[in-house]
Amino acid sequence: MCDIIPKEGSDFMSLTAGIVGLPNVGKSTLFNAITKKNILAANYPFATIEPNVGMVTVPDKRLDFLNELIKPKSLVPTTFEFTDIAGLVKGASHGEGLGNKFLSHIRDVDAVVEVVRCFDDTNITHVEGGPNPLRDIEIIDVEFVFCDLEVIDNRLGKIEKKAISTKDKEALKEVELLKRIKVALEDNIPARKLEYSEDDLKILKAFNLLTMKPVIYVANIKEDEIGTDNDYVKKVKEYAKKDNAEVITLCAKIEEELSGFDDEEKQAFLNDLGIEESGLDKLIKASYSLLGLQTYFTAGEKEVRAWTFKKGMKAPSCAGIIHSDFEKGFIRAEVISFSDYEKYKGEKGAKEAGKLRSEGKEYVMQDGDVCLFRFNN
C-alpha cells in the first residue's frame with residue numbers, strides 16, 4: 001500500500017504489563033532480557049525499589065514477511081511497555097517490606113506478569129525459606145485481596161448510608177456492585193472472575209482493583225530443564241487452569257544471555273536447545289494479547305510499519321493512531337487482510353484477485369490488516 005509517514009507520534013495508548021513476584025524469583029533477570037537494559041539484579045530482597053519501565057518490541061513474523069517482500073527503506077515494529085516492580089513480601093498490604101509502595105505501582109499497570117521460581121538452588125535465597133510456587137502465588141493473591149478489600153470498605157464507608165437515605169439510583173447501584181465484589185473477595189475469589197455489565201465496568205474503572213487485572217504466570221526454571229515440565233511447573237499449570245490464565249515456562253538466566261545475541265546466533269542457540277521460539281518471545285506475544293492489543297500494518301517502499309490498536313477499535317480511531325488528522329478527515333480505509341497479502345505476494349496481486357476492500361467508518365479493524373487510509377486534509 002502507499003507510504004504513510006506520520007507527521008507526529010501517537011501516544012494514544014500506554015498500556016503496560018507489570019512483572020511481579022516475591023524477591024529473588026528472577027523478575028529483574030527477566031526484565032533485563034526483555035528490555036536489554038542492565039538494571040540491578042542482585043541476590044537480595046528489594047534490589048528493585050523504583051519500578052523500571054522499558055519498551056519491548058513485539059516479535060511478528062508477518063512484519064518480517066512484509067520486509068522481505070517490499071524491502072522498504074525503514075522498518076518499524078510495534079512496541080509496548082513492561083514494568084519491573086519491586087519484590088512483594090507477605091504482609092505488604094499491612095506495610096511489610098515495601099508495602100503499599102509496591103501495591104501502588106501495581107495499580108499503575110494494566111496486566112500482571114507473575115514470576116514464580118520453579119527450581120531448587122541453595123545458593124539463591126528465598127524470603128519464605130525455599131521454593132514453593134503455589135505458596136508464592138497465594139501470598140501475592142492474598143495481598144491483592146486485602147488491598148482491594150480496603151479500597152472497597154473505604155468507599156462503602158463513604159457512600160452506603162447516604163445512598164440508602166437519598167435512594168440515589170446510581171449510588172445504590174455502586175453499593176450493590178461493591179458489596180457483591182466484597183463477598184467474592186472474602187471467599188478469596190478475585191474480582192476478575194465475576195461477571196459485569198458495561199455500567200459495572202464503568203463504575204469499577206475508577207477503583208483500579210488489583211484483582212481485576214488479568215494475569216500471566218511465568219514459571220522460571222533451570223537451564224537443564226528447558227523443554228520439560230518439572231513438578232513445580234505442573235502444579236503452576238494446574239493452578240492457572242482454574243483462573244483461565246496462561247503459563248509461560250522459561251529460564252530467565254538463559255533468556256538474558258539470548259538477549260545479547262544477534263538473530264542468527266540466537267536461532268542457532270535455540271536449535272541447540274531443541275526449541276523453536278524463545279520463552280521471552282512467547283511471553284511478549286502472550287502479554288500483548290492479554291492487554292487486548294492487536295496489530296495492523298502500513299506498507300510502502302519508504303516504510304513498512306506495525307501499529308498497535310486495541311481490539312474492537314473502528315477504522316477512523318485506528319487511523320487516528322497515525323495522525324489525528326487522519327481520524328478527523330477519515331473517508332475510508334483500503335484494506336487487505338494479511339493472509340491475502342501473503343497469498344497473492346503483495347498489494348498488486350491481492351488487488352488483481354479482488355481482495356482489496358474499501359471499508360467505512362463502522363469497520364472494526366482486524367489483526368493483521370494491511371491498510372491505506374483515505375482522508376480529507
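For the structure, check the block above.
Observations concerning a negative patch on the surface
Where like charges cluster on the molecular surface, the negative patch consists of Asp64, Glu68, Asp262, Asp263, Glu264 and Glu265. Within the residue set of the negative patch, elements represented by two or more residues are α2 (61-70) and α9 (263-273). In terms of residues, the negative patch owes the most to one element, α9, which gives three residues. Assignment of secondary structure puts Glu265 in helix α9.

Some points on the pattern of salt bridges
The tally for this structure, following the rule as stated, stands at 23 salt bridges. For the salt bridge of Lys182 with Asp153, the shortest nitrogen-to-oxygen distance reads 2.9 Å. Of this pair, Lys182 sits in helix α5 (residues 169-186) while Asp153 sits in helix α4 (residues 133-166), placing them 29 residues apart in sequence. Exposure remark for Asp153: the relative accessible area of 35% places this residue in the partly exposed category. Glu352 serves as the salt-bridge partner of Lys348, at 2.8 Å between the closest nitrogen and oxygen.

Quick word on the packing of aromatic side chains
The description of an aromatic ring pair rests on the distance of the ring centres and on the angle between the ring planes. The tally for this structure, following the rule as stated, stands at 11 aromatic pairs. For the ring pair Phe65 and Phe338, a centre distance of 5.7 Å and an interplane angle of 85° mean the geometry is edge-to-face. Separated by 273 residues along the polypeptide, Phe65 in helix α2 and Phe338 in helix α13 (residues 338-343) bring together distant segments of the chain. Look at Tyr217 and Tyr239: their rings are 6.0 Å apart centre to centre, the planes differ by 85°, and that puts the pair in the edge-to-face class. Of this pair, Tyr217 sits in strand β6 (residues 215-220) while Tyr239 sits in helix α7 (residues 231-242); the two residues are 22 residues apart in sequence, bridging distant segments of the chain. Put simply, the rings of Tyr296, Trp307, Phe309, Phe330 and Phe373 pair up and form one aromatic cluster.

Some thoughts on the environment of Arg192
Its location among the elements puts Arg192 in the loop between α5 and α6 (198-205). A C-alpha to C-alpha distance of 9.2 Å links Arg192 and Leu210, two positions 18 residues apart in sequence. Looking at Arg192, its side chain comes within polar contact range of the side chain of Asp243, at 2.6 Å.

Let's talk about the side chain of Thr78
Relative to the helices and strands, Thr78 is located in the loop between β3 (74-76) and β4 (79-84). Taking the relative accessible area as the measure of exposure, Thr78 reaches 4% and is therefore buried. When sequence neighbours within four positions are dropped, the list of residues in contact with Thr78 reads Val56, Thr57, Val58, Tyr288, Thr295, Ala306, Trp307 and Thr308.

What to know about the pairing of β6
With respect to burial, β6 is a largely interior element, six of its six residues being buried. In the sheet, strand β5 (residues 111-117) pairs with β6 via six bridges, with the strands oriented parallel. Bridge assignment links Val113 to a residue of β6, and that residue is Ile216. As judged from the five bridges shared by β6 and strand β7 (residues 246-250), these two strands associate in the parallel manner. Each bridged residue has a counterpart across the sheet, and for Asn220 the counterpart in β7 is Leu250.

Focus: helix α10 (residues 279-290)
Compared with the 16 Å implied by 1.5 Å per residue over 12 residues, the 16 Å span of α10 between its first and last C-alpha is a close match. Burial in α10 covers these residues: Gly279, Leu280, Asp281, Leu283, Ile284, Ala286, Ser287 and Tyr288. Following α10 by one or two positions, Gly292 adopts a phi angle in the positive range, close to 75°.

Describing the sheet that holds β5
Taken in spatial order, the six strands make up an open sheet running β2-β4-β1-β5-β6-β7, and their pairing is mixed. In this open sheet, the two edge strands, each paired with only one partner strand, are β2 (52-57) and β7. Taken over all neighbouring pairs, the strand axes of this sheet differ in orientation by 25° on average, direction set aside. Note: strand β1 (residues 16-20) against β5, four bridges, orientation parallel. When the bridges of β5 are listed, Val20 appears paired with Glu114. Set on the sheet, α4 makes contact with β5 and β6; between it and β5 the angle comes to about 145°. Sitting on the sheet, α7 touches β5, β6 and β7, and the angle it makes with β7 is about 160°.

Focus: the packing of α5 against α6
Relative orientation of the contacting elements α5 and α6 amounts to 80°, with a least axis distance of 11 Å. Compared by their axis directions, α5 and α6 come out roughly perpendicular. Residues Lys173, Glu174, Leu177, Leu178, Arg180 and Ile181 of α5 form the contact with α6, whose participating residues are Asp199, Asp200, Ile203 and Leu204. Broken down by class, the residue content of the contact of α5 with α6 amounts to five nonpolar, no polar and five charged.

Details of the nonpolar core
Among the nonpolar cores identified, the biggest contains 54 residues, and Leu30, Ile34, Phe80, Phe82, Tyr217 and Leu283 are the most heavily contacted of them. When residues no more than four places from it in sequence are discounted, the contact partners of Ile34 are Ile19, Val56, Phe82, Leu280 and Leu283. Counting residues in each nonpolar core, the second largest holds 18 residues, with Leu177, Leu178, Leu185 and Leu204 among its members.

Considering the packing of α4 against α5
Relative orientation of the contacting elements α4 and α5 amounts to 150°, with a least axis distance of 9 Å. As summarised for this structure, α4 and α5 are arranged roughly antiparallel, according to the angle between their axes. Like other packed secondary-structure pairs, α4 and α5 cross with a definite hand, here left-handed. Contacts between α4 and α5 involve Val145, Asp148, Leu149, Ile152, Asp153, Arg155, Leu156, Ile159, Glu160, Ala163 and Ile164 from the former and Ala171, Leu172, Glu174, Val175, Leu178, Lys179, Ile181, Lys182, Leu185 and Glu186 from the latter.

Cut-offs used in this document
- Every residue gets a number counted from 1 within its own chain, in the order that chain's sequence is written.
- pLDDT decides what is reported in this predicted model: residues at 70 or higher carry local features, side-chain atom pairs at 80 or more are listed and counted, and totals for whole chains, interfaces and linings draw on all residues regardless.
- Side-chain metrics rest on all non-hydrogen atoms present in the structure, leaving aside hydrogens and water.
- Think of a patch as exposed residues, more than 30% relative accessible area, with no salt bridge, where like charges cluster within 9 Å and nonpolar side chains (Val, Leu, Ile, Met, Phe, Trp, Tyr) cluster within 5 Å.
- Working definition of accessibility: Shrake-Rupley area with a 1.4 Å probe, residue cover restricted to the visible protein chains.
- The term salt bridge refers to a side-chain nitrogen of Lys or Arg lying within 4 Å of a carboxyl oxygen of Asp or Glu.
- Just so you know, the count uses Lys and Arg for positive and Asp and Glu for negative, and it drops His and the chain ends.
- In this description, the location of a charge corresponds to atom NZ of lysine, CZ of arginine, CG of aspartate or CD of glutamate.
- Runs of E in the DSSP output that reach at least two residues are strands. Runs of H or I that reach at least four are helices, and both are numbered from the N terminus.
- Note on exposure labels: buried denotes an accessible area under 20% of the residue type's maximum, exposed denotes more than 50%, and partly exposed covers the range between, all computed with a 1.4 Å probe on protein chains only.
- Two aromatic rings from Phe, Tyr or Trp, using only the six-membered ring of Trp, form a pair when their centres are within 6.5 Å; if the ring planes differ by under 30 degrees the pair is stacked, by over 60 it is edge-to-face, and anything between is tilted.
- Whenever a nitrogen or oxygen atom comes within 3.5 Å of another N or O atom, the pair is scored as a polar contact, on the condition that within protein one atom can donate a hydrogen and the other can accept it, and that pairs from neighbouring residues in sequence are kept only if both atoms are in side chains.
- By definition, residues are in contact when any of their heavy atoms lie within 4.5 Å.
- For two strands to be treated as a pair, DSSP must find no fewer than two bridges joining them.
- By definition here, a helix of n residues has an expected span of 1.5 Å times n minus one.
- Axis angles are defined between N-to-C directions and span 0 to 180 degrees, where every axis is a line fitted to C-alpha atoms and, for a helix, only to the segment in contact.
- Note that the term roughly parallel is reserved for angles under 35 degrees, roughly antiparallel for angles over 145, roughly perpendicular for angles of 65 to 115, and oblique for everything else.
- The classification used treats Ala, Val, Leu, Ile, Met, Phe, Trp, Tyr, Cys and Pro as nonpolar, Asp, Glu, Lys and Arg as charged, and all other residues, Gly among them, as polar.
- Think of a nonpolar core as a cluster: buried Ala, Val, Leu, Ile, Met, Phe, Trp, Tyr and Cys residues, connected wherever their side-chain atoms sit within 4.5 Å.
- Crossing handedness is read from the near helix: turned anticlockwise from the far helix by less than a right angle, it gives a left-handed crossing, and turned clockwise, a right-handed one.

Function cannot be inferred from these measures alone, as they are strictly geometric.
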